[in-house]
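So the chains spell out like this:
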Amino acid sequence: MSELSSSEPPSEPLSEPPSEPPSEPPSEPPSEPPSPTGPFVSDLFPFPSHLLSTQNYSTSTSHFVAQLNLLSETYSSIRIVKGDGSCFYRSFLYGLITILAEPENESERLRIIEYVQKSIITLEEQGYDPLIMEGFQEELLELLTSTIPSSRSGSLNLHTTLTDPHGPSQMSTWYCRPLCSSYIKSHPETFTPFLLSYPSLDSYCKSEIEPSSIESSEISIQAIVKAFGVKVGVEYLDGHDEEKVVRHVFGEGLEINMLYRPGHYDLIYKK
Amino acid sequence: MSTSARRRLLRDFRRLQNDPPSGITGAPLDTNIMLWQAVIFGPDETAWEGGTFKLTLEFSEDYPNKAPSVRFMTKMFHPNIYNDGQICLDILQNQWSPIYDISAILTSVQSLLCDPNPASPANSEASRLYSENRREYNRRVREIVEQSWVDES
């Protein structure tokens, strides 16, 4: 087995490029991505002190520390997500399921359950084998239906369920990928211009989205937020500018926030 | 407790029984659903015709999020198969996707037999003969095919 890198740079920005795309290499490697052997999603840690104490940021050669301090005006905690190629999808799913478990988001939870229930039909139309896909869909529905807005102790159980290495979140995390592919293939007018060297959307999705070890790209992020009807805000900790941090917002709806360090996504939470 | 991996393996098993791909059989051991034996028959009208090649597939509780470990038990001579039977095939490594069930894995291995990938040699001699001396390569493959009948007994 070859060792897989989870630190690919993001692909070219999609339709709404930021003023400073985060594609240039940073002035120094910002950090080692979280160990692929750590928990899938960590406990909640204080932000940014947890990163400052675990990463060797050099204040003299980069702006990472200044950027973290800027972000600390908005965000107060972080969950470190395993760096195994699925960090974006895992962050997305964890963020989504925990937000949907909040009582005030019940109508969104029901809407998304309905979307997931119907997803097999769309996937079948896009050429996916429904027999295989049902196995993944069932696990995601199990997560969505078992996380009924719950008592306070529920959130602890939810974290345990979502990080269980053999629980439903593993297959559900991957299921985000075909949902993403299926959205891309059913919106060729939007996505065909971003195919790069691939001859078709099918081959693009098969190589760049569906393999478990392939990192997300801005294309897959655009697709997944639209597919689920939610919003993902990404703060780009790129070390370029000590006076600002570029934030991308994808989609609209309930909001999940992530910190992007080149090659890796973690979940961050507002004060 | 029924894990995702076991549920999926049962699904794969039903699939393989109800809709078996041509030239492929496979089943879990009676005692352990995580360990399978399979046989791939060499495709007709190729040098591999008539061969019966045994494989084992070993699944972890991480299946289908992680690929199984697949290896030939029958001795092979092929550019992408190591001497110990391990297979160099992208979908079992960095292109793995849980979309591949046991039928799809075995079908891919079967097509690899006749369609080697010279870019990732696992057996340098087989690789060299395949590109430089196809006649000799085919002769060596025929030897392996005949050997596979002996292994059978």
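Residues numbered from 1 in each chain as written. Chains lettered and ligands numbered in written order. Predicted model: local features only at pLDDT ≥ 70, side-chain atom pairs only at ≥ 80, totals over all residues. Heavy atoms only, no water.

Under an unreviewed UniProt entry, the name given to chain B is E2 ubiquitin-conjugating enzyme, and the source organism is Triparma strigata.

For the record, the criterion: UniProt positions are given in the numbering used here, feature names are shortened, and annotations may be inferred rather than shown by experiment.
The name given to chain A in an unreviewed UniProt entry is ubiquitinyl hydrolase 1, and the organism recorded there is Triparma strigata. In its Catalytic activity (unreviewed entry) section, the UniProt entry covering chain A states "Thiol-dependent hydrolysis of ester, thioester, amide, peptide and isopeptide bonds formed by the C-terminal Gly of ubiquitin (a 76-residue protein attached to proteins as an intracellular targeting signal)."

**A short note on the overall build of chain A**
Just so we agree on the cut-off: In this text, helices come from DSSP runs of H or I with a minimum length of four residues, and strands from runs of E with a minimum of two, each type numbered from the N-terminal end. Burial here depends on accessible area, computed with a 1.4 Å probe over protein chains only, as a share of the maximum for the residue type. Under 20% is buried, over 50% is exposed, and the range in between is partly exposed. Note on contacts: a residue pair is in contact if any heavy atoms of the two residues lie within 4.5 Å. Only the protein chains shown count as cover for residues, and the accessible areas themselves come from Shrake-Rupley with a 1.4 Å probe.
Across its full length, chain A carries 10 helices and six strands. For chain A, buried positions account for 54% of its 271 residues. Sequence separation of 24 or more characterises 76% of the internal contacts of chain A that already satisfy a separation of 6 or more. Carbon together with sulfur atoms contributes 53% to the accessible area of chain A, which is approximately 11,800 Å² in total.

**Here's the deal with the sheet that holds strand 4 (residues 69-72) of chain B**
The pairing of strands in a sheet happens through backbone hydrogen bonds and is either parallel or antiparallel. All names here are of chain B. Definition in use: Criterion used throughout: strands pair if DSSP finds at least two bridges between them. Every axis corresponds to a line fitted to the C-alpha atoms, with the helix fit spanning only the stretch in contact, and the corresponding angles, defined between N-to-C directions, vary from 0 to 180 degrees.
Ordered by their spatial adjacency, four strands build an open sheet running 1-2-3-4, and the pairing between neighbours is antiparallel. Each edge of the open sheet is held by one strand with a lone partner, namely strand 1 (24-29) and strand 4. Within the sheet, the average angular offset between the axes of one strand and its neighbour, ignoring direction, is 20°. Lying over the sheet, helix 1 (residues 4-18) contacts strand 1 and strand 2 (32-41), oriented at roughly 30° with respect to strand 2.

**Comments concerning the interface of chain A and chain B**
Selection rule: The term buried area denotes the loss of accessible surface (1.4 Å probe radius) that occurs when two parts are joined, taken as the sum for both partners. Counted as salt bridges are all cases of a side-chain nitrogen of Lys or Arg within 4 Å of a carboxyl oxygen of Asp or Glu. N or O atoms within 3.5 Å of each other form a polar contact, as long as, within protein, one can give a hydrogen and the other can take it, and as long as residues adjacent in sequence are counted only when both atoms are side-chain atoms. Lys, Arg, Asp and Glu make up the charged group, whereas Ala, Val, Leu, Ile, Met, Phe, Trp, Tyr, Cys and Pro make up the nonpolar group; the residues left over, Gly among them, are polar.
Taken together, the contact between chain A and chain B spans 27 residues of the former and 19 residues of the latter. The junction of chain A with chain B conceals about 1,900 Å² of combined surface from both sides, 52% of it contributed by carbon and sulfur atoms. The interface formed by chain A and chain B holds four salt bridges in total. Asp 129 of chain A serves as the salt-bridge partner of Arg 15 of chain B, at 2.4 Å between the closest nitrogen and oxygen. Where chain A meets chain B, there are seven residue pairs in polar contact (both at pLDDT 80 or more). Of all the secondary structure elements, the ones that give two or more residues to the side of chain A that touches chain B are helix 5 (130-146), helix 7 (168-185) and helix 9 (201-208) of chain A. Among the elements that take part in the side of chain A that touches chain B, helix 5 of chain A stands out by supplying nine residues, more than any other. Per-class residue counts for the side of chain A that touches chain B are 12 nonpolar, eight polar and seven charged.

**Here's the deal with the sheet that holds strand 3 (residues 231-236) of chain A**
Strands sit in the order 1-2-6-5-3-4 (chain A) across an open sheet of six strands; the sheet is mixed. Here the strands that pair on one side only, and so sit at the sheet edges, are strand 1 (45-46) and strand 4 (246-250) of chain A.

**Some details on the packing of helix 3 (residues 87-100) of chain A against helix 5 of chain A**
All names here are of chain A. Closest axis-to-axis distance for the helix 3/helix 5 pair is 9 Å, and the angle between their directions is 35°. In contact with Leu 93, Ile 97 and Leu 100 of helix 3, helix 5 contributes Leu 140, Leu 143 and Leu 144. Grouping the constituent residues of the contact of helix 3 with helix 5 by class yields six nonpolar, no polar and no charged.

**A few points about the UniProt feature "active site" (unreviewed entry) in chain B**
All names here are of chain B. The UniProt feature table records "active site" (unreviewed entry) at Cys 88. Summarising the element assignment, Cys 88 is placed in the loop between strand 4 and helix 2 (102-114). The class for Cys 88 is buried, based on a relative accessible area of 19%. If we ignore the near neighbours within four places in the chain, the residues touching Cys 88 are Asn 80, Tyr 82, Gln 93, Leu 112, Ser 120 and Ala 122.

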